[in-house]
Amino acid sequence: MYLNCHTYYSLRFGTFSEEELLRLAQKNHVAKLVLTDINNTSAGLNFVRLAPKYDIEPILGIDFRNGVDQCFIGIAKNNEGYLELNDFLSAHLHHEKKFASIAPEFEHAYVVYPFEKAVLNNQYDFAVDEFIGISIADLRRLPFSKLLKLKDKLVVQQPVTFRNRRDFNAHRLLRAIDNNMLLSKLEKTEEGNEDEKMFPIENLAAAFSEYPFILENTERLLNSCTIHFDFSKERRPQNLATYTGNRDEDEKLIEALCQEGLPYRYHNPGKDIYDRLRKELQLIKEKGFVSYFLINWDIVSEARKRDFFYVGRGSGANSIVAYLLRITDVDPIDLDLYFERFINLYRANPPDFDIDFSHRDRPEMTQYIFDRFKHVALLGTYVTFKDRGVIRELGKVFGLPKSEIDFLSEGRYDPSKLDEVSLLVLKYGRLIKGMPNYLSIHAGGILISERPLHWFSATNLPPKGFPTTQYDMVIAEDVGLYKFDILGQRGLAKIKESLEIIAYNRPDESGSFDIHNVKRFIEDPKINALVKTAQCMGCFYVESPAMRMLLKKLEVDNYLGLVAASSIIRPGVAKSGMMREYILRHRNPGREKEKAHPVMLHIMPETYGVMVYQEDVIKVANLFAGLDLGEADVLRRGMSGKFRSREEFQKVKDKFFANCRNKGYEESLISEIWNQIASFAGYAFAKGHSASYAVESYQTLFLRAYYPLEYMVAVLNNGGGFYRSEFYVHEARMMGATIHPPCINRSFNKNVIYGKEIFLGFGYLRELENRVAERILKERMANGDFTSLEAFLDRVFITVDQISILIRIDAFRFTGVNKHQLLWKAHLFLNKNAKIDHPKLFPPRHQDFRIPQLHTTALEMAFTQLELLGFCLCSPFDLLADPPKNNRCVRNLKHFLNHHIDIYGYLVTVKNTSTHSGKRMHFATMIDQEGKVFDTVLFPPVAAQYHFRGKGVYRFYGKVVSEFGFLSIEVLKMKKQDYIQDPRYADMKMSAKVFGSKKNNKNTIVDINSDTNT
């Protein structure tokens, strides 16, 4: 009897989930139910999936509204009707069109007009499938309306939005957030009616007892509706069924492509390769995944035609078929990749292929996929209300000032000291926390379907311009839609641009290597030495402080070691405590026999009995706990996201414990292994995935080893990496480059290298307008270099403020004229000469202005660079008001092992983290006075007293410690050092005095125990 039910996917309106709606219906003895979220179908598939669990027959529809103004309700008679409704909604969402007051005529869907709307529309003529909805509140007015005569057209329309007063309060908050206004200012017209509740079916029938024909009409409507989606284990994939249009042709094509790929991948393939290929092809055909492989092959083939770099990774990298089709570059035979992680008979979903493209190429490849295939959409995902977001939104709703909202957001408050309004924000925040806030786009998921994608839901059209589903990957997989992951990353753009830079800067060497010949790089001792010493700044996936630390601790000097490290660094292994245990077993041969359970060691001899890869979860569940491969995969998937709450996951978990007890394992061992799985599985990589990452790491390590400056320029031109651009500039200098600020005659928008000289690009000048830079480059390319400031001003239309930026950064240094004199000239020139933005017929004659001799100091230049570039090109230690009292650097750390050291460092990056008890601590990476990197740690007692206060030089006093040979400093005291006063705004004599007074006092040992934190 309920034709108009909302969940919290009626965004910023509804208040509970689709499962809670079903639970509510079961409690009120409702056998059939229509889900009609407002302009949204996100909950539809999961509603249908869950309904049998509550003995409810699901029906789907849509509540079409302009804002909160309800126009009409569409109810699907069947799946075709649901498609019609989704088409209609999507067309309006894509073009941001308002709904008309009268619905179109649907072939397979009913339309219900709310009683109030029918009265306002003065509507008395209705089509066969159109009805008038009467709520309990409408019953008071019905006897006085002409609509009562239309007995066949009246149906029950009691909206369901709330369960209780608590829900209604949450609803009002959501409406205030949606309208970006104070709760006290929220108009009643923006709210739903508090009576929009579900009553027991008997009570509803009693309310309409005077009008039995309304109940009969409603029952008749409900009985004529049915909706079906297959969520069974035996469901067929809903992806594009065939690539060629014929299943047999697909199978012939994939076999032919594999045969073509054999000689490219293997010079002399043996029986093991042919056996593996035969086994895989048989299973791929049996599971109906042939077209899935061929579509991925089509995508990467097109990428190669366009000369786009890509990396195929994910569990699909465990497949020899994927390797032969060149979807991936990882040899599963050579790496002994676990076949059953890639595919098995129990697994309903195909293997994951994550195909990474350069961030520059990805949009073009996405467009290709939409053009190439018929039924395509991006996969949606929902951003939910999180702790801080809730506090910020509700803080505004309750009228808190920004300072108080910021204070609450930080979470460092004593609830007993908060005022009443702040407590209300925290209290009501719990009502909406976890609700969906708005629809976003999955990081890379694309669906390519056999049916129109509106068969499953409506689509939105975000700014990217591609239709996006209103459901996420979890329910997509439930219904048999498996995503293609097309991702963008900057690492590939760095590799591609490096090759272009090498071609112009070292043309004799540009064709001397194949960047895809990774087997050569893996065996190169020079590259492996970089890995072992963690000299990986700028290199893909191995440059972060944590990874650099791990590489040094493991003493990794080979590809397989790097593959393992790529997965060990993931949060799960560290959280379970097994990262440390892995390092101990790696460094101490024989330890694994003492510490590892014999079964675990037998399952994972390569990794010393420690779970490192996703495959290990499957192996342990299968071989240690006796689960079949399908159950093992449920366990792996269940360790992350929404799957963990699924009923099937709980069953597998129970079976895991029961099987282990039956095998006679001790309870402590069972719990220990389960806890390792639980903390690890949701974060780990498949081994093939890690191997794919390691391939790209080796490509970038090769470039760093043999073409370091060219590679560093490519890194800078593609947005840097883990660190700020400043530190890649520093790294280039450490590797022998001379760094120049932007130059009018030699720079471009991006950085450029000539031999070993790197000229920073105009793009670093944050205040320089793009159009000015483009104008300069266009004129220079057309008519040659500029010979003087006057010649530049004659040829380029520019304003005083923009030319000032270029002069101040010393972009006219080729003239040999001091920049202060150039600034005078530019101001006089542009004030005396009216600038016209078009070519001149004759070169102008210039007045010769007499300007006094002016001078610029190195310190002035450094502060100007800080202002305009964001960093200076000299050493930051040169800017200190008080010179360093010692010259201790990284090379001295080993001499202070287990002793205290006083050392200076320039801040590179800080990682703020929390202990298990919630206390804050910091890990900081610094650069010493010689430009070398070192690491510090501030444990909670120290972190509570000292804080990092942005970029700059810090002086540390702490203990040098070693863990597995990796040296770091446990800080006891810390003080940020002051820079001198900016000489551009200070007394010049004073600044010169400070600059000239820097003497080498670096051997003096001082005690900073008395220093206070600043």
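In the block above lies the structure referred to throughout.
Residues numbered from 1 in each chain as written. Predicted model: local features only at pLDDT ≥ 70, side-chain atom pairs only at ≥ 80, totals over all residues. Heavy atoms only, no water.

## So, the packing of helix α14 (residues 387-397) against helix α15 (residues 402-410)
Two elements in contact, α14 and α15, have axes separated by 9 Å at closest approach and are oriented at 155°. Viewed along their axes, α14 and α15 adopt a mutual orientation that is roughly antiparallel. Judged by the sense of rotation from one axis to the other, the crossing of α14 with α15 is right-handed. Note on element contacts: α15 touches α14 through Ile405, Asp406, Leu408 and Ser409, opposite Arg388, Ile391, Arg392, Gly395 and Lys396. The class makeup of the residues in the contact of α14 with α15 is 3 nonpolar, 2 polar and 4 charged. (Axes fitted to C-alpha atoms, helices over the stretch in contact; angles between N-to-C directions. Helix = DSSP H or I, 4+ residues; strand = E, 2+ residues; numbered from the N terminus. Parallel < 35°, antiparallel > 145°, perpendicular 65-115°, else oblique. Left-handed = near helix turned anticlockwise from the far one by under 90°. Contact = heavy atoms within 4.5 Å. Nonpolar A, V, L, I, M, F, W, Y, C, P; charged D, E, K, R; others polar.)

## Considerations on the packing of aromatic side chains
Per the counting criterion, the structure on display carries 50 aromatic pairs. Taking the centre distance of 5.1 Å and the plane angle of 90° together, the rings of Phe540 and Tyr693 count as edge-to-face. Residue Phe540 is found in the loop between α20 (525-533) and α21 (545-554), and its partner Tyr693 is found in helix α31 (residues 687-706); the two are separated by 153 residues along the sequence. For Phe540, a relative accessible area of 16% gives the class buried. The buried category is assigned to Tyr693, whose relative accessible area is 11%. Ring centres 5.8 Å apart and planes at 65° place the aromatic pair Tyr559 and Tyr698 in the edge-to-face group. (Phe/Tyr/Trp six-rings, centres within 6.5 Å; stacked < 30°, edge-to-face > 60°. Buried < 20%, exposed > 50% of the residue type's maximum accessible area, 1.4 Å probe, protein only.)

## A few points about the nonpolar core
Ranked by internal contacts, the top residues of the largest apolar core, which has 108 residues, are Leu551, Phe792, Ile803, Leu806 and Phe812. Ranked by the residues each element gives to this core, the list is headed by α31, at 8 residues. If we ignore the near neighbours within four places in the chain, the residues touching Leu551 are Val531, Lys532, Ala534, Cys536, Val542, Val556, Leu562 and Ala565. Within the second largest apolar cluster, 95 residues are counted, among which are Leu83, Phe229, Met435 and Phe456. (Core = buried A, V, L, I, M, F, W, Y, C linked by side-chain atoms within 4.5 Å.)

## Section: the pairing of strand β2 (residues 32-38)
Burial analysis of β2 places 7 of its 7 residues in the buried class, which makes it a mostly covered element. With burial as the criterion, each face of β2 is covered, one bearing Lys32, Val34, Thr36 and Ile38 and the other bearing Leu33, Leu35 and Asp37. Bridging between strand β1 (residues 2-5) and β2 involves 2 bridges; their strand directions are parallel. In the sheet register, Tyr2 faces β2, and the bridge partner there is Leu33. Viewed along the sheet, the connection from β1 through helix α1 (residues 18-27) into β2 turns out right-handed. By the bridge criterion, 7 bridges tie β2 to strand β3 (residues 57-66) in an arrangement that is parallel. (Pairing = 2+ DSSP bridges. Right-handed = clockwise from strand over helix to strand, strands pointing away.)

## So, the pattern of salt bridges
Considering all chains together, one arrives at 55 salt bridges under this definition. Several salt bridges converge on common partners, so that one network encompasses Arg12, Arg175, Asp178 and Glu190. (Salt bridge = Lys/Arg side-chain N within 4 Å of Asp/Glu carboxyl O.)

## Observations concerning the packing of α31 against helix α32 (residues 708-717)
The geometry of α31 relative to α32 is characterised by a closest axis approach of 5 Å and an angle of 125° between their N-to-C directions. As the angle between them shows, α31 and α32 are arranged oblique. Residues Thr700, Leu703, Arg704, Ala705 and Tyr706 of α31 pack against Pro708, Tyr711 and Met712 of α32. For the contact of α31 with α32, the class distribution of residues is 6 nonpolar, 1 polar and 1 charged.

## Concerning helix α29 (residues 647-662)
Three or four residues apart is the spacing at which side chains of an α-helix point the same way, because the helix has 3.6 residues per turn. If you check α29, its first and last C-alpha atoms are 23 Å apart, about what 16 residues at 1.5 Å a residue would give, namely 22 Å. Among the residues of α29, Phe649, Val652, Phe656, Phe657, Asn659 and Cys660 are the ones counted as buried. Viewed along the axis of α29, the buried residues span an arc of 165°, placing them on a single side of the element. Set apart from the buried face of α29 by more than 90 degrees, the exposed residues are Lys651 and Asn662. (Expected span 1.5 Å × (residues − 1). Arc of directions from axis to C-beta.)

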